[in-house]
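# A look at the structure
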Amino acid sequence: MILMTARPVTRRNAVFGITAAVATLSRPSLSRAQSTGRVVVVGGGFGGAACARALKRAQQNLQVILIEPNAVFTSCPFSNEVIAGLREIDAQQFGYDGLTAEGVTVIGEAVTTIEPQLRSVMTADGVALPYDRLVLSPGIDFHFEALPGYDETASEKMPHAWKAGAQTLLLRRQLEAMEDGGTVAIAIPANPSRCPPAPYERASLIAHYLKTKKPRSKILILDAKDNFSQQRLFEKAWKELYGDMIERVALSQGGRVTSVDPSTKTIITEFGNYAPDVANVIPPQRAGRIAEIAGAADTSGWCPIDPMSFESKLVPNIHVIGDACLGGGIPKSASAASAQGKACAAAIVNLLVGRAPETPRLTGVCYNTVAPGYGFSLAGNYQPKGDIFAEVEGGATSPFDAPRELRAREAAEAEHWFQTITADTFG
């Protein structure tokens, strides 16, 4: 069994569960005759970069190629603080020099074609790269067809800010430009979705900004779900910190957004229309486009995998990790993607020498900051059960009734987690 954490999960040590993984990778040796083995990793986020780095650390003779068109990765975790004016965007940005220093070849191009039968990928500049194993870590794309009226053009008026970068800054500028007394609407899709608690953290931190700068303003959450992760903790914090500033309309109350009209910035739900001053529309999602090109996504838009090895159920010799895969109980989060990347690397190293992958046990932790110095967390352990990952015993969540000292400590731990996972992933 591959353990992706070095100790039992608690709120205080869950931060270390991801970074401890490299030491636990199974390390069978490739002979020099096998040193031409090549693994290509597509996507340089938390999953892909962690996988590439773990592959090279596990087996120095292995050729590891990371293909990522962006020279700089902009992190989604903590980007809500950028939106709320608590952090600058450059604190979210990381390059790939740390990976190249360890022997990973980084190619700054997009992948346009994948030929599974030939075991080859082609980049936008026309270069074909053969592989023995291919890892896809494409993150998410938006399922625009599921939300009439919303597309890339609409996002310039009604930003999603669900891919960190320009959209993050656009939403921040719109909040800064809004008059005091305005309304900010956040449209939240149904699951599966990237980082399920993050929209509620966003609502919290925007509320902090408004309370500080524009205290007569309101936040309206239009939600396609009745219940959400850590709901009691969020709602307790909202009442304690923000009074009646945040109003949430759940699915059963007519909160599901059915369409939008970007020309008037109108959000349409089953039971009413809303024209807020700032409209943050988070659309339904699916696996990144390259997964569909590879044939690894099914009709759900996501990628079914063998949880023992992360190998695609649809295409041999292709592995899918991170937000794009159908992971069962494990959430789509940065910590989960990192853990999956390392477990996938261990499985591939075994497969290249003809050994069966060991059973992975993954640890994921999710921190939420609802105001400066006020945070809480949820940690879980996951391992294969049938065709998916299932949560097993050993997880932990922040207590409902806790002193502010604990909330402050968890906010500090969240910052430490971010520093640790980014250093571990990007160097």
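Check the entry above for the structure.
First, a word on what this report is: a plain description of the structure on this page. (Residues numbered from 1 in each chain as written. Predicted model: local features only at pLDDT ≥ 70, side-chain atom pairs only at ≥ 80, totals over all residues. Heavy atoms only, no water.)

Once that is clear, we can look at the overall build of the protein chain. Along the backbone of the protein chain there are ten helices and 25 strands. Over its C-alpha trace the protein chain gives a radius of gyration of 21 Å, about what one expects of a compact globule, namely 22 Å for 427 residues. Over its C-alpha atoms, taken along the principal directions, the protein chain stretches across nearly 70 × 45 × 40 Å. Of all intrachain contacts in the protein chain linking residues separated by at least 6 positions in sequence, the fraction that spans at least 24 positions is 68%. Counting every atom, the protein chain has about 16500 Å² of accessible surface; 51% of that belongs to carbon and sulfur. For the protein chain, the centre of its 41 positive side-chain charges and the centre of its 43 negative side-chain charges are spaced 5 Å apart. (Helix = DSSP H or I, 4+ residues; strand = E, 2+ residues; numbered from the N terminus. Rg over C-alpha atoms; globule rule 2.2 N^0.38 Å. Contact = heavy atoms within 4.5 Å. Areas by Shrake-Rupley, 256 points an atom, 1.4 Å probe, with all protein chains shown as cover. Lys, Arg positive; Asp, Glu negative; His and termini not counted. Charge placed at Lys NZ, Arg CZ, Asp CG, Glu CD.)

Tallied over the entire structure, the rule returns 18 aromatic pairs. Ring geometry for phenylalanine 228 versus phenylalanine 234: centroids 6.0 Å apart, planes at 55 degrees, classification tilted. Geometrically, the ring pair formed by phenylalanine 234 and phenylalanine 376 is edge-to-face, given 5.0 Å between the ring centres and 85 degrees between the ring planes. Separated by 142 residues along the polypeptide, phenylalanine 234 in helix H7 (residues 231-242) and phenylalanine 376 in strand S24 (residues 374-385) bring together distant segments of the chain. Side by side, phenylalanine 234 and phenylalanine 376 carry an identical accessibility label, which is buried. Members of the aromatic cluster, each reached through a chain of ring pairs, are Phe46, Phe73, Phe78, Phe94, Tyr96, Tyr367, Trp417, Phe418 and Phe426. The ring of phenylalanine 142 carries the charged tip of lysine 163 above its face, separated from the ring centre by 5.4 Å. (Phe/Tyr/Trp six-rings, centres within 6.5 Å; stacked < 30°, edge-to-face > 60°. Buried < 20%, exposed > 50% of the residue type's maximum accessible area, 1.4 Å probe, protein only. Lys NZ or Arg CZ within 6 Å of the ring centre and 35° of its normal.)

Pairing in this open sheet of four strands is parallel, and the strands run S14-S13-S12-S18 from one edge to the other. Each edge of the open sheet is held by one strand with a lone partner, namely strand S14 (246-249) and strand S18 (278-281). Direction aside, the axes of adjacent strands within the sheet are offset by 15 degrees on average. Bridge count for strand S12 (residues 183-188) against S18 is four bridges, and the pairing is parallel. Looking at the pairing, alanine 185 lines up with alanine 279 of S18. (Pairing = 2+ DSSP bridges. Axes fitted to C-alpha atoms, helices over the stretch in contact; angles between N-to-C directions.)

Now for the pattern of salt bridges. Applying the stated rule across the entire model yields 19 salt bridges. Aspartate 401 serves as the salt-bridge partner of lysine 236, at 3.7 Å between the closest nitrogen and oxygen. One end of the pair, lysine 236, is in helix H7; the other, aspartate 401, is in the loop between strand S25 (388-397) and helix H10 (404-426), and 165 residues separate them in sequence. The class for lysine 236 is partly exposed, based on a relative accessible area of 27%. For arginine 289, the salt bridge is made with glutamate 292, and the minimal N-O distance between the two is 3.0 Å. Pair noted here: arginine 289 and glutamate 292 are both in helix H8 (residues 289-294), with a separation of three residues, about one helical turn. Residue classification places glutamate 292 among the partly exposed residues on the basis of a relative accessible area of 47%. Linked through salt bridges whose partners overlap, the residues forming this network are Arg53, Arg57 and Glu102. (Salt bridge = Lys/Arg side-chain N within 4 Å of Asp/Glu carboxyl O.)

Before going further, it helps to examine the pairing of strand S3 (residues 63-67). Of all the five residues making up S3, four are buried; the element is thus mostly covered by neighbouring parts of the structure. The pairing of strand S2 (residues 38-42) with S3 spans five bridges and is parallel. Within S3, the residue paired with valine 42 across the bridge is isoleucine 67. Where the polypeptide runs from S2 across helix H2 (residues 46-58) and back to S3, its parallel neighbour, the crossover connection is right-handed. Both S3 and strand S6 (residues 105-107) contribute to a ladder of three bridges, which runs parallel. Across the sheet, the residue bridging to isoleucine 65 is threonine 105, located in S6. (Right-handed = clockwise from strand over helix to strand, strands pointing away.)

It is worth spelling out the nonpolar core at this point. Grouped burial of nonpolar side chains is what soluble globular proteins tend to show. Ranked by internal contacts, the top residues of the largest apolar core, which has 103 residues, are Leu55, Ile114, Val121, Leu134, Leu136 and Ile219. What leucine 55 contacts, discounting residues up to four positions off in sequence, is Val39, Val41, Leu62, Val64, Ala345, Ile348 and Val349. Grouped together as the second largest cluster of nonpolar side chains are 14 residues, Leu147, Ala154, Leu220 and Val257 included. (Core = buried A, V, L, I, M, F, W, Y, C linked by side-chain atoms within 4.5 Å.)

Our focus in this paragraph is H2. Between its first and last C-alpha atoms H2 spans 18 Å; for 13 residues at 1.5 Å apiece the expected length is 18 Å, and the two agree. Counting buried positions over the 13 residues of H2 gives twelve, a clear majority of the element. Along H2, the residues classified as buried are Phe46, Gly47, Gly48, Ala49, Ala50, Cys51, Ala52, Arg53, Ala54, Leu55, Lys56 and Ala58. (Expected span 1.5 Å × (residues − 1).)

Once that is clear, we can look at the sheet that holds strand S9 (residues 128-130). Within a sheet, adjacent strands bond to each other through the backbone by hydrogen bonds, running parallel or antiparallel. Pairing is antiparallel across the open sheet formed by three strands, whose spatial order is S7-S8-S9. The open sheet has two edge strands with one neighbour each: strand S7 (111-115) and S9. Strand-to-strand twist across the sheet, computed as the mean angle between neighbouring axes with direction ignored, equals 20 degrees. Examined bridge by bridge, S7 and strand S8 (residues 120-123) share four bridges and lie antiparallel to one another. Residue pairing across strands places valine 111 opposite threonine 123, the latter belonging to S8.

Our next topic: the packing of helix H9 (residues 334-352) against H10. Relative orientation of the contacting elements H9 and H10 amounts to 30 degrees, with a least axis distance of 11 Å. Taken as axis vectors, H9 and H10 run roughly parallel relative to one another. Seen along the crossing, H9 lies across H10 with a hand that is left-handed. For the pair formed by H9 and H10, the contact residues are Ala334, Ser335, Ser338 and Lys342 on the first element and Trp417, Ile421, Asp424 and Thr425 on the second. Looking at the contact of H9 with H10, its residues break down into three nonpolar, three polar and two charged. (Parallel < 35°, antiparallel > 145°, perpendicular 65-115°, else oblique. Left-handed = near helix turned anticlockwise from the far one by under 90°. Nonpolar A, V, L, I, M, F, W, Y, C, P; charged D, E, K, R; others polar.)

All right, on to the environment of lysine 265 then. Along the chain, the position of lysine 265 falls in the loop between strand S15 (257-261) and strand S16 (266-269). For lysine 265 and leucine 171, which are 94 residues apart along the polypeptide, the C-alpha to C-alpha distance reads 14 Å. Discounting chain neighbours no more than four positions away, the residues touching lysine 265 are Lys157, Met158, Tyr274, Ala275, Pro276 and Asp277.

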